[in-house]
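One letter stands for each residue in the lines below.
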Amino acid sequence: MASHEINRSGEMEVFTRVVELGGFSQAARASRLSPSAVSKLVARLEARLGARLLNRSTRKLQLTPEGTAFYDRATRILAELADAERSVATGEVPIGRIRLNTSASYANHVLAKILPGFIARYPAVTLDLVLTDAIIDLLADRTDVAIRAGPMKSSSLTARKLGDTPMRIMASPAYLEEFGTPRSIKDLDGHNRLGFAYARSVDGWLLRDAQGKPVTVPASGRVQASDGEALRHMVLGGLGMARLGGFTVRDDIAAGRLVTVLDDINAHENEAFHAVYVGQGGPLPTRVRALLDYLAEFGRVS
């Protein structure tokens, strides 16, 4: 087949369906082709690219590193093509579904306040909101944008910074009345230090010892959780103390529901927040760009 006869966008659509649906038969049904036609199409694509894209076994298909890179580019190109067609028809009005992954803390304390304005501004956009504190694979989860806390590591992801929030050790007045207020690192031995049930950029409480040197104190309490908002509610209930983002407890402090503990020896590090997405600065679908711009304007933490 001559190069000018190759339907590259059609190949990309079939290939992405194979990956997303998990097999040739499933992709064949979705593409209204036979499984053998899909298999031959992928084989021709691999031959032309000079690289194996999929490792095939009797049970499943697995992307090779080259296949992952091609899938990443193909999905973005197809999204851009679809966006270009919509732009002509709608005059660049954002339209379609956005899959947004974020923590319950950010959703409750930031998104809940600003999303009504976003939905009102872009009535043709719908949101699929997934709440988790865990780091997810944006490609595998088919996520458009994820809100992540902590430093950004080098990767294929691009980020828009949404600010920094101070990390504070919090307790309820009732808890401190029953168990006492710690004044030093040594005093923490008798307290229930609630923490996260997964690895974080700072795994513990960063404090300063009597000489002013930074010390990481393990959050080795009797309860660990995978959700920051769950930890906040446990602290509000008097279960123990926890290290929480300042933006999540500001209202609790003002209302007297929570008290800052060990502030004089807190290392006062900040935790950064980013809106991350797949890509290296190339064109984005209009709907995704609209959300990123909106978050950068109204969704900042402090």
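Residues numbered from 1 in each chain as written. Predicted model: local features only at pLDDT ≥ 70, side-chain atom pairs only at ≥ 80, totals over all residues. Heavy atoms only, no water.

This brings us to the packing of helix H5 (residues 104-121) against helix H9 (residues 286-298). Helices that pack against each other are described as a pair by the angle of their axes relative to one another and the distance between those axes. Between H5 and H9, the least distance of the axes is 11 Å, while the angle of their chain directions is 125°. One way to sum up the angle between H5 and H9 is to call them oblique. Seen along the crossing, H5 lies across H9 with a hand that is right-handed. Seen from H5, the contacting residues are Tyr 106, Leu 111, Ile 114, Gly 117, Phe 118 and Arg 121; seen from H9, they are Ala 290, Leu 291, Tyr 294, Leu 295, Glu 297 and Phe 298. Residues that form the contact of H5 with H9 fall into these classes: 9 nonpolar, 1 polar and 2 charged. (Axes fitted to C-alpha atoms, helices over the stretch in contact; angles between N-to-C directions. Helix = DSSP H or I, 4+ residues; strand = E, 2+ residues; numbered from the N terminus. Parallel < 35°, antiparallel > 145°, perpendicular 65-115°, else oblique. Left-handed = near helix turned anticlockwise from the far one by under 90°. Contact = heavy atoms within 4.5 Å. Nonpolar A, V, L, I, M, F, W, Y, C, P; charged D, E, K, R; others polar.)

Turning to H9, a few remarks are in order. It helps to recall that an α-helix has 3.6 residues per turn; residues three or four apart then point in one direction. Over its 13 residues, H9 runs 18 Å from end to end, which matches the ideal 18 Å to within 8%, given 1.5 Å per residue. Among all positions in H9, only Thr 286, Arg 287, Val 288, Ala 290, Leu 291, Leu 292, Tyr 294 and Leu 295 are buried. (Expected span 1.5 Å × (residues − 1). Buried < 20%, exposed > 50% of the residue type's maximum accessible area, 1.4 Å probe, protein only.)

For the rest of this paragraph, the subject is the environment of Val 217. Positionally, Val 217 belongs in strand S9 (residues 214-217). Accessibility expressed as a relative area gives 7% for Val 217, which makes it buried. Taking the C-alpha atoms as reference points, Val 217 and Ile 185, 32 residues apart in sequence, are found 7.8 Å from one another. If we skip the residues at most four places from it in the chain, Val 217 touches Ile 185, Leu 188, Arg 193, Gly 204, Trp 205 and Leu 207.

With that settled, the discussion passes to helix H2 (residues 24-31). For H2, the full list of buried residues reads Phe 24, Ala 27, Ala 28 and Ser 31. For H2, the angular spread of the buried residues around the axis is 105°, confining them to a single face. Buried residues in H2 make contact with helix H1 (8-21), helix H3 (35-49), strand S1 (54-56) and strand S2 (61-63). Once H2 finishes, Arg 32 follows within two positions and takes phi at roughly 60°, a positive value. (Arc of directions from axis to C-beta.)

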